Amino acid sequence: MQVYLPIAEISVNAFLLLSVGGGVGLLSGMFGVGGGFLITPLLFFIGVPPPVAVATGVNQVVASSISGVLTHLKRNTVDLRMGTVLLVGGVLGSGIGIWVFNLLSRMGQIDLAVQLSYVVFLGIIGALMLREGVGALRRAADPTAPRRKLHTHTWIHNLPFKMKFRTSGLYISVIPPILVGVAVGILAAVMGVGGGFIMVPAMIYLLGMPTKVVIGTSLYQIMFVAAFTTMMHAVTNYSVDVMLALFLIVGGVIGAQMGARMGLSLRPEVLRILLALLVLAVCGRIAFDLLWAPSELYSISVPGRF
Amino acid sequence: MRVLAAALVLMLAALPLRAEEVLAGLSQKQLSLTVNFEGSEILVFGAVRREAPPDPDTDLHVIVTIEGPPAPAVIWRKARRLGIWMNVESMRIRAAPSFYAVASTGPLQDILSMDSDLTHRISTRLAIFEARADAGVANPGAFTEALIRIRADEDLYQSLEGSVSLDRDTLFSTTISLPKNLVEGLYVTRVFLVRDGRVIDAFETDIDVQKAVLERWLYNMAHNQPVLYGLLALGLALFFGWGASAAFRYLRG
């Protein structure tokens, strides 16, 4: 069955969309990741124009984070104060990201910019995850192997504008969390991702937040930044496709529920290596498209359409 | 079909005097781009009306064109920079039809003179308004050719030479298939009667292509009330994201 996507202005197979949403949902349930960084490139592969894929991907992030946010709020594992500081940075970053996005669109380079950022980020994240996964696997086999230090005092703790974050038990400057927020906001606007893969390590290693509030706080920030970014894309580019989002969300929620159960039966180190390999495969596919000579050197863009 | 034929005969009888005149009809005047639109076939048919017997020295030819709503376009050329294939050069086209099909009784270059083609903009190349004046590229012709090639690959530009059948120099018909990737708007359909390379009569009508109700409503809202549309997108995301996981929790007890 074909569905006509009113904003992307293309017809796509409905089951293909459901399986993209479901497959990514399955993975995100298994690995505990948002999945925005997989959905957007998969949409490129099935022919959705990059601006629509990015804007709709970020809308889907809102859907995939809401129930997590509610659960964490109920359990009191959200540092609202830290979340709000991160959010201020996120909104700022999203604004910058949208501006850059629209500038690149006008220059005809947005597709390239989005693909390049995916290659760079997926490449780095995939490589890091693979290294950590293999390391963890080795540590599990050999308990005497050296462990990495978790937290160190650095220049971060000497910056001005300090603020008390009770839930996290921190007294640090607001500058680093705002900068982390800005970075995540830019990524949300340009790549259509939640940015959890940047924020979670930054919160643990850079800000030194306790692990029990990290997931809840990052989800809280991600949901609001994604919502803000969706609005910005809708208002400046008219590129959010509700029909497309609906199929992805429905597929995604079902997939996530199944994935969460499947994930329990696999060892976490193995899961991490599998996810790393998947991320690297997507990265490789996008890189191939950029490096391999295309069969058609010309392309058409119609102003006002994608 | 029979009703149409009867109407055609009536219209023929009511026509004023001219040497040879063309009358045509379409199997469909309206198309709706519904959720599962897979493309559509349009039958263009008609008749030639004449007072005197036809000129035996020249051949009569019929050309049918269907033109989708024209829009400006930017054509980009990719080249390798730092190992990466990227857009490096672009040319603006003032207006190019979003769809263009030319069907005829024979090869256009044999049956149509350059003059008539220029006057009526019949061949695909002439249906595109280039903006050569501000073309900053070395080879603008290659860009226009690329536009035609890319759209022809998507069945948006069709050259259907020889596909019009003309019976006893009077009745003609042809079928043009519209692909599924249509944009909405008025599709101008023209029928030309050609003798000796010159257009001796022409007929024009149009097909109204519209998005279906829901798609049209969403598209209009996205463009006219983007804030409301954004809120709708967020509302749906929150509702389905929360609702579906709540439903799963409930199912599990």
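Let us look at the structure shown here. (Residues numbered from 1 in each chain as written. Chains lettered and ligands numbered in written order. Predicted model: local features only at pLDDT ≥ 70, side-chain atom pairs only at ≥ 80, totals over all residues.)

### Some thoughts on the overall build of chain A
Okay, so step 1: Helix and strand content of chain A: ten helices and five strands.
Okay, so step 2: For chain A, the spread of C-alpha atoms along the three principal axes comes to 55 × 45 × 40 Å.
Okay, so step 3: Burial analysis of chain A (306 residues in total) assigns 52% to the buried set.
Okay, so step 4: A fraction of 79% describes how many contacts in chain A between residues 6 or more apart in sequence connect residues 24 or more apart. (Helix = DSSP H or I, 4+ residues; strand = E, 2+ residues; numbered from the N terminus. Buried ≥ 20, exposed ≤ 12 C-beta atoms within 10 Å, placed from the backbone. Contact = placed C-beta atoms within 7 Å.)

### With respect to the sheet that holds strand β6 (residues 84-97) of chain B
Okay, so step 1: Reading across the sheet, the four strands line up as β5(A)-β5(B)-β6(B)-β8(B) and stay open at both edges, with antiparallel pairing between neighbours. Since the sheet does not close on itself, it has two edges, and those belong to β5 (298-301) of chain A together with β8 (129-130) of chain B, each with one partner.
Okay, so step 2: Here four bridges tie β5(A) to strand β5 (residues 70-81) of chain B, and the two strands are oriented antiparallel to one another. For S299(A), the partnering residue across the bridge sits in β5(B) and is W76(B). (Pairing = 2+ DSSP bridges.)

### Re helix α3 (residues 50-74) of chain A
All names here are of chain A.
Okay, so step 1: Relative to the 36 Å expected for 25 residues at 1.5 Å per residue, α3 spans 37 Å between its end C-alpha atoms, a close match to the ideal helical length.
Okay, so step 2: Along α3, the helix axis deviates most sharply at S65, where the bend reaches about 35°.
Okay, so step 3: Counting buried positions along α3 gives 20 out of 25 residues, so the element sits mostly inside the fold.
Okay, so step 4: Directly beyond the C-terminal end of α3, a positive phi value near 65° is found at N76. (Expected span 1.5 Å × (residues − 1). Bend = angle between axes of the 7 residues up to and from the residue.)

### Side note on the sheet that holds strand β3 (residues 40-50) of chain B
All names here are of chain B.
Okay, so step 1: Taken in spatial order, the four strands line up as β1-β3-β11-β10 in an open sheet, and their pairing is antiparallel. Each edge of the sheet is formed by a strand with only one pairing partner; in this case those strands are β1 (20-26) and β10 (165-167). Recorded for the sheet is a direction-independent mean angle of 20° between the axes of neighbouring strands.
Okay, so step 2: Here eight bridges tie β3 to strand β11 (residues 171-178), and the two strands are oriented antiparallel to one another. Bridging from a neighbouring strand, V44 pairs with T174 of β11. (Axes fitted to C-alpha atoms, helices over the stretch in contact; angles between N-to-C directions.)

Worth remembering: the numbers are spatial, not functional.
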